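Fold and contact review
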Amino acid sequence: MSHAQQIEAHAAQFLARRQAPDWSAVDQAALDEWLRTSTLHEVTYLRLEYGWSRVDRLAALRDPAPVTAALPAQRPPRWKPWAAAIAASLALVTSTLWYAHRSGYETYATAVGIRQTVPLTDGSHMELNTDTLVRAALDDTARTVWLERGEAYFDIVSDPARPFVVHAGAQRITVLGTKFTVQRDDDSVQVVVTEGRVRLEQADRGAAAAPVIMTSGDAVLSQGGQTHLQARDAQALARELSWRQGMLTFDQTTLGEAAAEFNRYNRRRLQISEAAAGVRIGGSFEATNMAAFVRLLEEGFDLRAVEHGNTIRIDY
Amino acid sequence: MTDAEALKSWFFREVLPLEPALTRFLRRNWRNREDLVDLRQEIYARVYDAARKRLPVQTRPFLFTSARNHLINCARRAQVVPIEHFVQLESLNIAVDNATPDRYASAREELRRVQSGLERLPPRCREVVMLRKIEGLSQREAAARMGVSEDTVERQMVQGMRALVDFMLGGSGRIRRGPKKRSGKEEHRP
């Protein structure tokens, strides 16, 4: 192997491991150090990262149909009262269970701009938002879902014998029979509860961190180990969930934030100049109709839109 | 100084999409195909270091001028390069490569490209990539599913990743293996 190829092999090894769940701060430090050593390392790593992200399309374009064939046995949903559900889920969620059921799961994915409802065998439903990847494992003793990326709305049938647990990054959300959404962007996880209650825990902290019980109207944003609980009024809740109708709803939202939302649903990118990013806007927009939004910015806000390849740059 | 994030995003957005054109340029202007990967990597490092100070206004001419200058330097150092080749390089008109338009593939074309890249991989390598990339299995899970060691999965993954990225960026998508006698242990592991 030439020198360049050795560097490339080394970079690929870092990149492959980086995507693994056991990637630690020590590993990250080793990678940072390696990247700092030489620009040759840095550009090679970036090139692989760029090309590999294009291979991601493989997962993203797949219909939200099961990828794996291992189907858990079907059985009718059982309904039980609230108190029993809480007690049972407290008792049953242990890390052993978590591992024991990792093998027979199904994978569901949506492409950018696509939204789809997925029925689960227990009668529950997941509604996947744009560019979302979810794994689900349901069997007789547990119901577990891993939100790998994106956003999903859950409408869960209560079943005390089988707690419903959603893993999103470091967060573990135990469902106590309810409707809620989880949005994940790498380490940052947002949970909004519309009905019923869920319990939120940092999965990697074990018993050390106190769990948060969230009820209807609560929203939690967790980022880098910090967790913030906020209450949402009915209007704000409706806004948060307008994606389920394919709409984005803004109220006093900065243009920068609105653009970030649009970019989740479209292959074309909106890029807002620093000067324009603070402009506040309101209204409802079709998530995949970026053109209409851009037209509004041009006509209503006197902003200029310049297209450059896949990017639309907005500026004064 | 360019902000680190801006630099990275410039490299993703403007430099790497030019790789097919850059590779064609190198093939045309450098005789020894085996140097290609080294040359490309050095040229990338060169433009990246220059862009740290200031992002170029026009990336394409900047990249190809840097490429030409780098080839000239290499030709000067390598004394075996025939003199007429050197002259050709000096007088090289880099505008020629502007003929290829930058074009963004549609999602469907891109998926087809990934699929044909996958088909070129050896079966076991392909399976590892599919298990990890499509089904989202961890290295350990993929190893268990296939009944092989985690080391094997990682080795196949690294090879598949390099070949697929190469293919996505306009290359042949073939797996590059080192000389047979070299064992994996000699390579540095992160």
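Residues numbered from 1 in each chain as written. Chains lettered and ligands numbered in written order. Predicted model: local features only at pLDDT ≥ 70, side-chain atom pairs only at ≥ 80, totals over all residues. Heavy atoms only, no water.

Notes on the overall build of chain B
On a plain count of helices and strands, chain B comes out with 9 helices and 0 strands. Along chain B, helices (α) and strands (β) appear in the sequence α-α-α-α-α-α-α-α-α when read from the amino end. In chain B, which comprises 190 residues, the share counted as buried stands at 46%. The long-range fraction of contacts in chain B, counting pairs at least 24 apart against all pairs at least 6 apart in sequence, stands at 63%. Accessible surface computed for chain B: about 10,400 Å², of which carbon and sulfur atoms make up 50%. (Helix = DSSP H or I, 4+ residues; strand = E, 2+ residues; numbered from the N terminus. Buried < 20%, exposed > 50% of the residue type's maximum accessible area, 1.4 Å probe, protein only. Contact = heavy atoms within 4.5 Å. Areas by Shrake-Rupley, 256 points an atom, 1.4 Å probe, with all protein chains shown as cover.)

So, the overall build of chain A
When its secondary structure is counted, chain A shows 9 helices and 16 strands. Counting the 316 residues in chain A, one finds 50% classified as buried. Once local pairs closer than 6 in sequence are excluded, the contacts in chain A between residues at least 24 apart make up 52%. When the accessible surface of chain A is split by element, carbon and sulfur atoms take 50% of a total near 14,300 Å².

Considerations on the side chain of B:Arg40
Relative to the helices and strands, B:Arg40 resides in helix α3 (residues 36-53). With sequence-adjacent residues up to four places away left out, B:Arg40 is seen in contact with A:Arg47, B:Glu19, B:Leu22, B:Thr23, B:Leu26 and B:Asp166.

Considering the side chain of A:Asn263
Turning to its location among the elements, A:Asn263 is positioned in helix α8 (residues 255-265). Residues in contact with A:Asn263, not counting those within four places in the same chain, are A:Arg268, A:Arg269, A:Leu270 and A:Met290.

Examining the packing of helix α1 (residues 3-18) of chain A against helix α9 (residues 150-168) of chain B
Relative to each other, α1(A) and α9(B) sit at 115°, their axes nearing to 9 Å. Considering their axes alone, α1(A) and α9(B) lie roughly perpendicular with respect to each other. Relative to α9(B), the crossing made by α1(A) is right-handed. Where α1(A) abuts α9(B), its residues A:Gln5, A:Glu8, A:Ala9, A:Ala12, A:Gln13, A:Leu15, A:Ala16 and A:Arg17 lie against B:Glu154, B:Met157, B:Val158, B:Met161 and B:Arg162. Of the residues assigned to the contact of α1(A) with α9(B), the class counts are 7 nonpolar, 2 polar and 4 charged. (Axes fitted to C-alpha atoms, helices over the stretch in contact; angles between N-to-C directions. Parallel < 35°, antiparallel > 145°, perpendicular 65-115°, else oblique. Left-handed = near helix turned anticlockwise from the far one by under 90°. Nonpolar A, V, L, I, M, F, W, Y, C, P; charged D, E, K, R; others polar.)

Re the pattern of salt bridges
All names here are of chain A. If you walk through the whole model with that rule in mind, you get 22 salt bridges over all chains. Where Glu-307 meets Arg-268, a salt bridge forms, and the shortest distance between an N and an O atom there is 2.7 Å. Separated by 39 residues along the polypeptide, Glu-307 in strand β15 (residues 304-308) and Arg-268 in the loop between α8 and β13 (269-272) bring together distant segments of the chain. The exposed category is assigned to Glu-307, whose relative accessible area is 52%. (Salt bridge = Lys/Arg side-chain N within 4 Å of Asp/Glu carboxyl O.)

Quick word on the nonpolar core
Judged by nonpolar contacts, the single largest core of 66 residues is most densely connected at A:Trp34, A:Tyr45, A:Trp52, B:Phe11, B:Leu26, B:Leu63 and B:Leu121. The residues touching A:Trp52, leaving out its near neighbours within four places in the chain, are A:Leu15, A:Gln19, B:Val129, B:Lys133, B:Met157, B:Met161, B:Leu164 and B:Val165. In this structure, A:Tyr108, A:Leu120, A:Met126 and A:Met214 belong to the second largest nonpolar core, which totals 27 residues. (Core = buried A, V, L, I, M, F, W, Y, C linked by side-chain atoms within 4.5 Å.)

Comments concerning the confidence of the model for chain B
All names here are of chain B. Mean pLDDT over chain B stands at 79; residues scoring 70 or higher make up 76%. When pLDDT is averaged over each helix and strand of chain B, the minimum, 56, is found for helix α5 (residues 83-90) and the maximum, 94, for α3. Considering only residues more than four positions removed or in separate chains, one finds that residues 95-103, a stretch of pLDDT under 50, has 11 contacts. For residues 179-190, every residue scores under 50 in pLDDT, and the model assigns this stretch 17 contacts once sequence neighbours within four places are set aside. (pLDDT = per-residue confidence, 0-100.)

Here's the deal with the sheet that holds β15(A)
The strands that make up a sheet pair up through hydrogen bonds in the backbone, lying either parallel or antiparallel. Residue and element names in this part refer to chain A. Strands sit in the order β13-β16-β15 across an open sheet of 3 strands; the sheet is mixed. Each edge of the sheet is formed by a strand with only one pairing partner; in this case those strands are β13 and β15. Taking the axes of each pair of neighbouring strands and ignoring which way they run, one obtains an average angle of 25° across the sheet. As judged from the 4 bridges shared by β13 and strand β16 (residues 311-315), these two strands associate in the parallel manner. Residue pairing in the sheet places Arg-269 in a bridge with Thr-311 of β16. (Pairing = 2+ DSSP bridges.)

A word on the environment of A:Ser188
Residue and element names in this part refer to chain A. By the element assignment, Ser-188 lies in strand β8 (residues 188-202). C-alpha of Ser-188 to C-alpha of Ala-168: the two residues are 20 residues apart in sequence and 9.0 Å apart in space. Those residues within four positions of Ser-188 in sequence are excluded, and the remaining contacts are Gln-183, Leu-221, Ser-222 and Gln-223.

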